[in-house]
Amino acid sequence: MNDPRKEYVVQCIISVLNIPRTEFRSDTKSNAALEKFLDNPSEKVLQATEQNSAETAKRTVHLQIGLTSYTDGVPEMHFIKTSYEPLTEENISNLVIVSSLRMSPVRSLFYNIREVFMPLLVESTESEQGLEGRLTDCLVELDAGLNASLRRGLRNRAATEFDDTDLSGIVTPIDEVRFWDDLKSTSGANEASVGRASKFSEALAPIASELDDLPKKSFAQLSDLTDNLNDAIDTLWNCDVTPAYPA
């Protein structure tokens, strides 16, 4: 591999996807896609996905132009150009963003907004690149909307539908409270599900405000919260519902 730009891309792939260099392999189509991405300023995105290989000693990575497909659970990463400037060995690390999708596009977007852009653009008082006007409110609303969508469960697409067996959207403790609050208020939910969610919501209500600002509490404040948490957990476990509170 004589092109140092190709070497840079391959090194990123084997590092992010945790592939030993001796086990890495690609194909002719992948090499063509890589060359097109590196040499054509109009091609802005290159996606790398690991494919199942018949050769157990090798791990095959397929490269393609654009984010045309994504399957949950398939190791993936992608490269995004930020400029039409020709890529060189010297500038490729500055002009190309390296990122990845994990679990689902919605979940990946949520974590990026919650853990990267909210702290930088909304919560930070030292940022010199703050958002203008209503854009801050839009980002806050997007964060809240994505969080609500995750709480409803990603297997359902309708905003009014709710999957009470999919708890994967509970990311923080306050999400647990909001999950059952949302379910008990969901139109179209059956009576048993609403009744079950209402009991769980009532059990968690006394600690809801405490959980909402949990990350800001000191160790002493967390210690003081222990008794209330234990009481709420006991109430949850003692709720007379079927199925019982998820273990």
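Whatever comes next refers back to the structure up there.
The notes below deal with the structure included here. Everything quoted here is computed from the prediction, not taken from an experiment.

Considering the layout of surface pockets
Of the pockets and cavities examined, the largest pocket occupies roughly 430 Å³. Arg 114, Thr 172, Ile 174, Asp 212 and Pro 215 are, among the 20 residues lining the largest pocket, the residues nearest its centre. Counting residues per element, the ones that place at least two in the lining of the largest pocket are α4 (105-123), α5 (135-152), α6 (173-184) and α8 (208-212). In terms of residue class, the lining of the largest pocket is made up of 9 nonpolar, 2 polar and 9 charged. Size it by volume and the second largest pocket reaches roughly 160 Å³. Elements with a contribution of two residues or more to the lining of the second largest pocket: α6 and α9 (219-237). Top element by residues in the lining of the second largest pocket is α9. It accounts for 5 residues. Its residues placed into classes, the lining of the second largest pocket shows 10 nonpolar, no polar and 1 charged.

What to know about the pattern of salt bridges
Within this structure, the stated rule accounts for 11 salt bridges. A salt bridge links Glu 35 to Lys 6; its shortest N-O distance comes to 2.7 Å. Highlighted residues: Glu 35 in helix α2 (residues 28-39) and Lys 6 in helix α1 (residues 4-16), separated in sequence by 29 residues. A relative accessible area of 13% places Lys 6 in the buried class. Here Lys 184 makes a salt bridge to Asp 181, at a shortest N to O gap of 4.0 Å.

Things to note about the nonpolar core
Within the largest apolar cluster, 22 residues are counted, with the highest numbers of intra-cluster contacts made by Val 9, Ile 13, Leu 46, Val 61, Leu 63 and Phe 79. Looking at this core, the elements that each hand over two or more residues are α1, α2, β2 (45-51), β3 (59-65), β4 (76-81) and α3 (92-95). Take this core: its biggest share by element is 5 residues, from α1. Setting aside chain neighbours within four positions, we find Phe 79 in contact with Val 9, Cys 12, Ile 13, Phe 37, Lys 44, Val 45, Leu 46, Val 96, Ile 97 and Val 98. Counting residues in hydrophobic clusters, the runner-up holds 17 residues, among them Trp 180, Phe 200, Ala 203 and Leu 204.

Remarks on unusual backbone geometry
Between Thr 242 and Pro 243 the backbone carries a cis peptide bond, its omega angle lying at -5 degrees. Among the structural elements, Pro 243 can be located in the segment after α9. Positive phi is not limited to glycine here, since Asn 18 has a value of about 55 degrees. Along the chain, Asn 18 falls in the loop between α1 and β1 (24-25). Residue Asn 18 is classed as exposed on the basis of its relative accessible area of 59%.

A few points about α1
Spanning 13 residues, α1 covers 18 Å between terminal C-alpha atoms, matching the ideal 18 Å at 1.5 Å per step. Immediately beyond the C-terminal end of α1, within one or two residues, lies Asn 18, with a positive phi of roughly 55 degrees.

Considering the packing of α6 against helix α7 (residues 191-204)
Viewed as axis vectors pointing N to C, α6 and α7 meet at an angle of 145 degrees, and their least axial separation amounts to 8 Å. Judged by the sense of rotation from one axis to the other, the crossing of α6 with α7 is left-handed. On the side of α6, the interface is formed by Glu 176, Val 177, Trp 180, Asp 181, Leu 183 and Lys 184, while α7 contributes Ser 193, Val 194, Arg 196, Ala 197, Ser 198, Phe 200, Ser 201 and Leu 204. Broken down by class, the residue content of the contact of α6 with α7 amounts to 7 nonpolar, 3 polar and 4 charged.

Examining the sheet that holds β1
Neighbouring strands of a sheet are bound in pairs by backbone hydrogen bonds; such pairs are parallel or else antiparallel. Ordered by their spatial adjacency, 5 strands build an open sheet running β1-β3-β2-β4-β5, and the pairing between neighbours is mixed. The two strands at the open ends of the sheet, each matched to only one other strand, are β1 and β5 (96-99). Relative to β3, β1 runs parallel, the two sharing 2 bridges. Residue pairing across strands places Phe 24 opposite Arg 59, the latter belonging to β3. Along the sheet, α1 contacts β1, β2, β3, β4 and β5; its crossing angle with β4, the most-contacted strand, is approximately 145 degrees. Set on the sheet, α2 makes contact with β2, β3 and β4; between it and β3 the angle comes to about 45 degrees.

The rules we used
- Residues numbered from 1 in each chain as written.
- Predicted model: local features only at pLDDT ≥ 70, side-chain atom pairs only at ≥ 80, totals over all residues.
- Heavy atoms only, no water.
- 1 Å grid on protein atoms, 1.4 Å probe; cavity = no way out; pocket = protein on both sides within 12 Å on 5 of 7 lines; lining within 4 Å.
- Points joined across faces, edges and corners; volume = space filled by probe spheres on them.
- Helix = DSSP H or I, 4+ residues; strand = E, 2+ residues; numbered from the N terminus.
- Nonpolar A, V, L, I, M, F, W, Y, C, P; charged D, E, K, R; others polar.
- Salt bridge = Lys/Arg side-chain N within 4 Å of Asp/Glu carboxyl O.
- Buried < 20%, exposed > 50% of the residue type's maximum accessible area, 1.4 Å probe, protein only.
- Core = buried A, V, L, I, M, F, W, Y, C linked by side-chain atoms within 4.5 Å.
- Contact = heavy atoms within 4.5 Å.
- Expected span 1.5 Å × (residues − 1).
- Axes fitted to C-alpha atoms, helices over the stretch in contact; angles between N-to-C directions.
- Left-handed = near helix turned anticlockwise from the far one by under 90°.
- Pairing = 2+ DSSP bridges.

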